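Examination of the molecular architecture
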Amino acid sequence: MENLHGGSALLCVFALLGGAVACGSSGEDERADDPPASARCPVVTRAGGCRAAVPSEVVTIASGGLVLPAAGFPLAGGGFVAFGVRWGDARILRSTSARAWGFDAASALPWTAASAATGVTVGGKNVLYFVANTEGGASLNVAALDGDSLAAPARVALDGAEGIPAWPQAVGLADGRVLLAFVVPQTRVMVGADDGTGTRFHVAPLPLDEPDLRGVLAYVGVTARRSWVLTYQVADESWHFRSRVLLSHDDGLSWSRAQKISDDADVASPFALARADDGADLYYAKAATSQGKVTGITSTDQAIWRRALHEDGTLGPEQLVTSATMGRVTNPQARRLPNGRIALMIALERGRTAKDLGLVVLDGDAP
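These notes cover the structure that comes with them. On a predicted model such as this, the values are computed, not experimentally measured, just so you know.

1. Side note on the environment of Leu247
- For Leu247, the position within the fold is in strand β20 (residues 241–248).
- We classify Leu247 as buried; its relative accessible area is 6%.
- Sequence separation of Leu247 and Ser227 is 20 residues, and the distance between their C-alpha atoms is 6.9 Å.
- The contact partners of Leu247, leaving out residues within four places of it in the chain, are Thr223, Ser227, Trp228, Val229, Ser254, Trp255, Ser256, Leu309, His310, Glu311 and Gly313.

What follows is the structure, given as structure tokens:
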């Protein structure tokens, strides 16, 4: 699979997966070999500057159709296995990279996806959850990974839920359990943890202070101090999105009041990743140029932004993650790499019905 901008992006990204290397343009903007662990920057330059990621630092995981991120896992030896969902034919795609090489051509898993897929690392094991039509019909399923190979899937029981879950999102908890969220479209958000087996969850609706839940999607994460994070998006009548975040410090017994992630309009796909020090970073898509409190979007370009969510619920400053030169970028999914850097999977819009699945490696957390 070719990358977006030639071989240099492949060498840059996969050397970053496994170690340190200078990437980017020449001169003072060359990417730092070994930025400090405390760097609060998407890309640290050799001269000590800070900038957003640029197109030459993105590699393509899968293309052809509308492909959205599902899950990604670092592999032993510096490789990476990525999963995406191609919505045109409802298939889950898998693509693998070896260290310092590009991704293999994406292959489809043998099941028809009824909704999104998600993945967790828990108890030292990588696990994929997905809604698909398997032998017993459409349901939530789980399959463990051995490297990039999937074991036979098992059906997941959802106590407290009815019907087929939509858009599942999960995160591994420090005690070995899995936290899961999914939606009943336009109706409610369901959230709950498993019983330690990974195959049975107790879920309940999470009351949200919203007039309606048009276009609702929900995501879960954890903070560095093991608090639970739930983010969600809902749409107005014009299908412009707003995004909110809630925190729980008592394993879901109670939740903070939902707060806005950004004052800008059309803020979508909020995804939480535990910070290296404290709290979590929230990654989300909105207009490439911040416009403050506005009622509409004037630019068709959309970028990935992020900001810190601290343990007390306060938010840090917004930081641009992907340069406006990338065009329209959506659906961020961030994963921590063994070397502390961040693998950010994104969807790059190529047309009304086409999005490429890409990956860019970031140097540090948000400020």
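Alright, that's what it looks like, and here's the rest.
2. Some words on the state of the cysteines
- Counted under the stated rule, the structure contains one disulfide.
- Across a sulfur-sulfur distance of 2.1 Å, Cys41 and Cys50 are joined as a disulfide pair. The S-S bond linking Cys41 to Cys50 shows a torsion near 115°; that makes this disulfide right-handed.
- Its relative accessible area of 3% is what places Cys41 among the buried residues.

3. Focus on the sheet that holds strand β25 (residues 319–320)
- Spatial ordering of the open sheet is given by β22-β23-β24-β25, a layout of four strands whose pairing is antiparallel. Both edges of this open sheet fall to β22 (268–274) and β25, since each of them pairs with a single strand only.
- Bridging between strand β24 (residues 302–309) and β25 involves two bridges; their strand directions are antiparallel. In the sheet register, Trp305 faces β25, and the bridge partner there is Leu320.

4. Notes on the nonpolar core
- Residues Leu230, Tyr283, Ile304, Leu344 and Ile346 are the most contacted members of the largest nonpolar core, which totals 45 residues.
- In contact with Leu344, other than residues within four places in its own chain, are Tyr283, Ile304, Val321, Pro332, Gln333, Ala334, Gly358, Leu359, Val360 and Leu362.
- Ranked by size, the runner-up nonpolar core spans 18 residues in total, among them Leu75, Ile92, Ala132 and Leu145.

5. Description of the pattern of salt bridges
- All told, the structure shown has 22 salt bridges when counted by the stated rule.
- Between Arg177 and Asp251 there is a salt bridge; the shortest N-O distance is 3.8 Å. Residue Arg177 is found in the loop between β13 (166–172) and β14 (178–184), and its partner Asp251 is found in the loop between β20 and β21 (259–260); the two are separated by 74 residues along the sequence.
- Here Lys286 makes a salt bridge to Glu318, at a shortest N to O gap of 2.9 Å. Residue Lys286 is found in strand β23 (residues 280–287), and its partner Glu318 is found in the loop between β24 and β25; the two are separated by 32 residues along the sequence.
- The network of salt bridges with shared partners includes Arg31, Arg51, Glu57, Arg341 and Asp363.

Quick notes on the rules
- Counting restarts for each chain, with residues numbered from 1 along the sequence as it is written.
- With pLDDT at 70 or above as the cut-off, local features in this predicted model cover only qualifying residues; side-chain atom pairs require 80 or more to be listed or tallied, and sums for whole chains, interfaces and linings still use all residues.
- Only hydrogens and water are removed before side-chain values are computed, so all heavy atoms of the structure are retained for them.
- Counting from the N terminus, the helices are the DSSP runs of H or I reaching at least four residues and the strands are the DSSP runs of E reaching at least two.
- Burial classes: relative accessible area under 20% of the type maximum marks a residue as buried, over 50% as exposed, and values in between as partly exposed (1.4 Å probe, protein chains only).
- We call two residues contacting when some pair of their heavy atoms lies within 4.5 Å.
- Count a disulfide wherever a pair of cysteine sulfur atoms falls within 2.5 Å.
- Any two strands with at least two DSSP bridges between them are considered paired.
- Definition used in this section: a nonpolar core is a set of buried Ala, Val, Leu, Ile, Met, Phe, Trp, Tyr and Cys residues joined via side-chain atoms within 4.5 Å.
- We define a salt bridge as a side-chain nitrogen of Lys or Arg found within 4 Å of a carboxyl oxygen belonging to Asp or Glu.

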